[in-house]
Amino acid sequence: MSDNIEKPSKAGGLASVQSTIKHVLQSKRAKDNIKNLLRMNKSGGFDCPGCAWGDSKEGHLQFCENGAKAIAWESTEKKVEADFFAKHKVSQLRKQSDYWLEYQGRLTQPMSYNKQTDHYEAISWADAFELISRKLNQLSSPNEVEFYTSGRASNEASYLYQLFGRMFGTNNFPDCSNMCHEASGVALNQAVGVGKGTVVLDDFYQASAIFVFGQNPGTNHPRMMNALRKAAKNACKIVSFNNLKEVALEKFASPQSPTELLTSAATKISHLYLTPILGGDMAALRGMAKHIFEQHNQAINTQFIEQHTHAYQAYQQAVKQTSWQSIEAQSGLTKAEIQQAADIFIQSDKVISCWAMGITQHSHSVDTIKEIVNLHLLTGQIGKPGAGLCPVRGHSNVQGNRTMGINEKAPLDFIQSLENFYATELPKQSGHNVQAALKALHEKSSKVLICLGGNLASAAADTEYTHQAITNSELNVQISTKLNRSHLLVSDQALILPCLGRTEIDMQATGPQQITVEDTFSMVHASSGLTPPISELCLSETAIVANMAHATLSEKTGETSINWLHLIEDYSRIRDLIAKTVTGFEDFNQKITQKHGFHLANSAANLTWRTQNNRAQFNPSALPTSILADCYSQQKKVANDKAFFMLQSLRSHDQYNTTIYGLDDRYRGIKGQRNIVFINPDDAKKLNLTESQLIDIHSKCDQGISRKVTGFSLVFYDIPAGNLAAYYPETNPLLAIDSVGKQSYTPTSKSIPVTICESKDHLSIQNQTSQE
Ligand SMILES: Nc1nc2c(c(=O)[nH]1)N[C@H]1C(S)=C(S)[C@@H](COP(=O)(O)OP(=O)(O)OC[C@H]3O[C@@H](n4cnc5c(=O)[nH]c(N)nc54)[C@H](O)[C@@H]3O)O[C@H]1N2
Ligand SMILES: Nc1nc2c(c(=O)[nH]1)N[C@H]1C(S)=C(S)[C@@H](COP(=O)(O)OP(=O)(O)OC[C@H]3O[C@@H](n4cnc5c(=O)[nH]c(N)nc54)[C@H](O)[C@@H]3O)O[C@H]1N2
Ligand SMILES: [Mo]
């Protein structure tokens, strides 16, 4: 570990409170934002746009440091108005950093790109909708448009959005899930018949062991830390599998505990902390099962297996055939460490497994998640209180978006339900996911890109390819709160449509509206903004979608079977349509009047398996021969190169995905920089590289294209040999568009094969300076 960085001894505590206050003050709307924080995640208040963790019924304050950053960022008084765009050409704006772009403030009026002047210019809403309608109706096929969604959009907005897209004639619904938890949905659907987690928040307080795989909740789900802390205090054993020693998973101080806030006291979180090498979790899980078969047959729940499962023998055989040698080599853990974890698993009567991006963003993620399921089926740890599977979702309504039909391959019964109710025929063939959408735009077979939130340009892999793909669109429509790179990749027509954020009052003809969201525990509840909108010219996402649909579909058919503009006068009308067409939403409007909303039943949690043979499936896959995505196959020999590493791209404590709040990563001891790479000091020494030295990183998936990033500073860190870590999105240029997970098509953002070398660009700069 480096002497230069100061990693704190605990997460949370006073430093969290200080950081919260700093961000609230910086927003210049401190009074509004204090009011916002007090009503956040509470009945009658609004749902935090930070993450999808569920709301607790306990305690007075329901916000965390990073939730406070998210709302302070949204609820700022800084504005980007027409004069800003008059001052800056788009080509000039493109030279600015993502941080600078978003820092300019909130978008306040619709803008249209003028390619003659290279400026965005004000446009009326009516003209903007007319332009969209005209362009869409000129396409030679409805499949020439891509409807992207980021996971913040409400149930109401996303329901109307998918209905619009399908009525227009396409299933092209790429969404942020395709880059995130897609593998969880695929694996869980196949294994247990439902693509969602099987536990609720209360299960965390009943569990006797909680396994946390590939997740950094201290930064990305800070409210989960309260649940882990409470569980740990209740003698629940927490086991972390993480490539890095994340301080919050070691020790956490609750800002709501006076002792932990004001002294050095903290709660020890992990009972056991294992650091597998990148992509090594499947092997580790396989090893846990092997230990159970070899030494603890009594822990195998034969009754559960007989009653509920399929393919047990094949799985048992697969475990037998996996050698300890391959398990140790692929996991980077010792047999003894794996046995220790397995012992905790089987000594606990109720076990929950949680996971996030460290599991889902690999080539073999689907199999890894199935391996988690295998262990739970083997021991019957599912479908009982305090036990089950918990993919911890990212964006606050990403799960709800899928439930509402934002899905390029929505189940047939979902589409048929819409067809029956709306008495119309809808497309059934699969549409584009993010990778397919970018490829279609790149080759110009797709011509229009509409983004309901997010920042596809910076979030997606293969930056140069992605930028070209978005630039190729003939019309690029971005529905957003803040300026970002996706607005600047334009060549022909483009629109910036500014929308309200979660914190703002959504006033429609019948009064202020509520929206609804679904959290990671399938709890659906209402959210109401509290502060006045930043500008009278901002519309709600729901209203923007309805107006696009109204303009486009009435132009297409002369009339539409849906009165879109009537629906948005009162969002309960949209919820009535959802109630009639989406399973589990009967009496929707009535159910959201309950204080904490309602729970969508989960069949697997009720031991009902909606799989082909109505049984939960063991997965007998062998360990992958290589953890690299298929597109790297020709590169495998480079693994012998001593400058070869596996790189993971991850989040700092001061960012929300592509939104950078600041340049610190407090829990890892990093201050004021983002272009850094964490490296094991022994690896660096072998290459004669020193701390803080600038290096270049070359991706090993060339496919004839050189992918590299330059001038990254080395940080000596406690990280397994052969692995590197650096921040996303700065490292996205290294990820080839074809480097995706099997069956999930998710970019393999946590296993990028690279080589590193002393920075040549830096040397040339040094040489230049010395010559001057
Ligand atoms: N403040 C804040 N909150 C957020 C977000 C944000 O950017 N900022 N993003 C939101 C979104 S969309 C999402 S999806 C979630 C993301 O939440 P996380 O999944 O926690 O996000 P990452 O930063 O990608 O962290 C991945 C973690 O997995 C570990 N890891 C990486 N590879 C491996 C591996 O192969 N094995 C194991 N065992 N560990 C591994 C890394 O060391 C790191 O701790 O957070 C959501 N919440
Ligand atoms: N290398 C690498 N790449 C990754 C990842 C990784 O770990 N490594 N993680 C992936 C993951 S998990 C995800 S989810 C994606 C994230 O991909 P996205 O969801 O596309 O990206 P965000 O950064 O969350 O989007 C930020 C933008 O959303 C807009 N915005 C914010 N709030 C609102 C709102 O309320 N309404 C609307 N309409 N717009 C709003 C703002 O304009 C802001 O600029 O990135 C993925 N990319
Ligand atoms: Mo995500």
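Residues numbered from 1 in each chain as written. Chains lettered and ligands numbered in written order. Predicted model: local features only at pLDDT ≥ 70, side-chain atom pairs only at ≥ 80, totals over all residues. Heavy atoms only, no water.

Peer 1: Just checking my understanding: could you explain the site of ligand 1 for this structure?
Peer 2: Taken together, the neighbourhood of ligand 1 is formed by 32 residues, with Asn242, Glu246, Asp281, Gln655 and Asn657 sitting nearest. Between ligand 1 and the protein, one listed contact pairs a nitrogen atom with a backbone N or O atom of Asn220 at 2.8 Å. Between ligand 1 and Gly358, the relevant distance is 3.3 Å, taken from an oxygen atom to a main-chain nitrogen or oxygen of the residue. When ligand 1 is considered free in solution it has 920 Å² of accessible area, and contact with the protein chains removes 99% of it. Among the residues making up the shell around ligand 1, the classes are represented as 10 nonpolar, 18 polar and four charged. (Near = heavy atom within 4 Å. Polar contact = N/O pair within 3.5 Å; in protein donor to acceptor, adjacent residues only side chain to side chain. Areas by Shrake-Rupley, 256 points an atom, 1.4 Å probe, with all protein chains shown as cover. Nonpolar A, V, L, I, M, F, W, Y, C, P; charged D, E, K, R; others polar.)

Peer 1: How should I be thinking about the side chain of Ser759 in this particular structure?
Peer 2: Following the sequence through the fold, Ser759 ends up in the loop between strand S31 (752-758) and helix H32 (760-771). Judged by relative accessible area, which is 1%, Ser759 ranks as buried. Discounting chain neighbours no more than four positions away, the residues touching Ser759 are Leu694, Ile695, Asp696 and Gly711. (Helix = DSSP H or I, 4+ residues; strand = E, 2+ residues; numbered from the N terminus. Buried < 20%, exposed > 50% of the residue type's maximum accessible area, 1.4 Å probe, protein only. Contact = heavy atoms within 4.5 Å.)

Peer 1: Would you mind going over empty space enclosed by the protein with me for this structure?
Peer 2: Vacant regions in the atomic arrangement are exposed by a probe of water-molecule size rolled over the atoms. Applying the stated criterion across every chain yields a total of three cavities of 30 Å³ or more. Counted as a void, the second largest cavity has a volume near 50 Å³. As for the second largest cavity, its lining consists of Asn178, Met179, Val434, Gln435, Leu438, Ala460, Ala461, Ile737, Val740, Tyr745 and Pro747. In the lining of the second largest cavity, the residues fall into nine nonpolar, two polar and no charged. (1 Å grid on protein atoms, 1.4 Å probe; cavity = no way out; pocket = protein on both sides within 12 Å on 5 of 7 lines; lining within 4 Å. Points joined across faces, edges and corners; volume = space filled by probe spheres on them.)

Peer 1: I tried to follow the packing of helix H2 (residues 30-39) against helix H3 (residues 65-74) on my own but got confused; where do I start?
Peer 2: Two measures define how a pair of helices packs: the angle their axes make with one another and the distance between the axes. Relative orientation of the contacting elements H2 and H3 amounts to 135°, with a least axis distance of 10 Å. Classified by the angle between their axes, H2 and H3 sit oblique to one another. In this structure, H2 crosses over H3, and the sense of that crossing is right-handed. Here Asn33, Asn36 and Leu37 of H2 lie close against H3, whose contacting residues are Ala68, Ile71 and Ala72. (Axes fitted to C-alpha atoms, helices over the stretch in contact; angles between N-to-C directions. Parallel < 35°, antiparallel > 145°, perpendicular 65-115°, else oblique. Left-handed = near helix turned anticlockwise from the far one by under 90°.)

Peer 1: Any chance you could explain the site of ligand 2 here in plain terms?
Peer 2: In the vicinity of ligand 2 there are 32 residues, among which Glu102, Tyr148, Glu541, Thr658 and Asn732 approach most closely. Take Thr658: an N or O atom from its side chain is 2.5 Å from an oxygen atom of ligand 2. Its free accessible area being 930 Å², ligand 2 has 96% of it covered by the protein chains. Of the residues contributing to the shell around ligand 2, the split by class is 11 nonpolar, 15 polar and six charged. Residues lining the shell around ligand 2 come from more than one domain, with at least three contributed by each of domain 2 (79-176 + 411-593) and domain 4 (632-764). (Domains from an automatic or database assignment.)

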